[in-house]
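Notes for the structure review
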Amino acid sequence: MADDLTAVANFLYEAGTLKQSKRTGWWMAGVRDPESVAEHAWRTSLIASVIAKLEGADPARAAFLAVWHDSQETRTGDVNHLGKKYAGEADAEAVTADQVAGMPEVLASTVRELVGEYEARESPEAVCARDADKLECMLQGIEYRAQGYELAQRWIDNSRGRLVTGTAQRLADELLGLDPLDWLRAVLGEKRT
């Protein structure tokens, strides 16, 4: 069994590289030290569970899909929208198949199925996970804009326009009406100035 887990152990180290992998599109908005792919994936998973629960889909499944949605970027890097015009888009399912090669088949097949489901965007959970990906980008853009990165508005607008579910659209409207620190003011009983 130890030999079967060598590939899993290696992948866990590989997955850790996403903690240092920056989301490159933000550099075009002037953000010097943008969020990592891992940071993006964490909040995307949280958002996916929220959207799915409110949409009547399986929140655990949506979060599970979101956890794996950018895992291929350990091998491809985070290629922003402009870069994809020149380099093309990697086949997420092919990259995943390489990543899970040698893992116990029960695990490898699960990961391949998850990535395939996310990429197909047909199940309610996959739709919620994709909306979570876009909503997280919009939310990060709002936070960057509040930090003075006015060029983040492009990412806010593009992400908002790509939302599909009613819940994600309504949540986007709520987020756009708030300041990123309104939650703290509310907890402390302060009024927004």
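Our structure's up above, just so we're on the same page.
Small disclaimer: the values here were computed from a predicted structure and weren't measured.

To continue, consider the layout of surface pockets. Within this model, the largest pocket holds a volume of roughly 1,100 Å³. Secondary-structure elements contributing two or more residues to the lining of the largest pocket are α4 (73-76), α5 (81-87), α7 (105-120), α8 (124-146) and α9 (153-161). Taken together, the residues of the lining of the largest pocket sort by class into ten nonpolar, eleven polar and 14 charged.

Side chains of Leu 181, Trp 183, Leu 184, Val 187 and Leu 188 sit close together on the surface and give an oily, nonpolar patch of about 530 Å² of accessible area. With respect to the element layout, Trp 183 can be found in helix α11 (residues 182-188). The class for Trp 183 is exposed, based on a relative accessible area of 56%.

Here we take up the nonpolar core. Grouped together as the largest cluster of nonpolar side chains are 33 residues, with contacts concentrated most on Ile 51, Met 103, Leu 135 and Met 138. Of all elements in the fold, only α1 (2-16), α2 (37-55), α3 (59-68), α6 (92-100), α7, α8 and α10 (166-176) reach the threshold of two or more residues within this core. For this core, the element with the most residues is α8, which contributes eight residues. Setting aside anything within four residues of it in sequence, one finds Ile 51 in contact with Cys 128, Asp 131, Ala 132, Leu 135, Thr 165, Thr 167 and Ala 168. In this structure, Trp 26, Val 31, Cys 137 and Trp 155 belong to the second largest nonpolar core, which totals seven residues.

Definitions and limits used
- Residues numbered from 1 in each chain as written.
- Predicted model: local features only at pLDDT ≥ 70, side-chain atom pairs only at ≥ 80, totals over all residues.
- Heavy atoms only, no water.
- 1 Å grid on protein atoms, 1.4 Å probe; cavity = no way out; pocket = protein on both sides within 12 Å on 5 of 7 lines; lining within 4 Å.
- Points joined across faces, edges and corners; volume = space filled by probe spheres on them.
- Helix = DSSP H or I, 4+ residues; strand = E, 2+ residues; numbered from the N terminus.
- Nonpolar A, V, L, I, M, F, W, Y, C, P; charged D, E, K, R; others polar.
- Patch = residues over 30% accessible without salt bridge, like charges linked within 9 Å, V, L, I, M, F, W, Y side chains within 5 Å.
- Areas by Shrake-Rupley, 256 points an atom, 1.4 Å probe, with all protein chains shown as cover.
- Salt bridge = Lys/Arg side-chain N within 4 Å of Asp/Glu carboxyl O.
- Buried < 20%, exposed > 50% of the residue type's maximum accessible area, 1.4 Å probe, protein only.
- Core = buried A, V, L, I, M, F, W, Y, C linked by side-chain atoms within 4.5 Å.
- Contact = heavy atoms within 4.5 Å.

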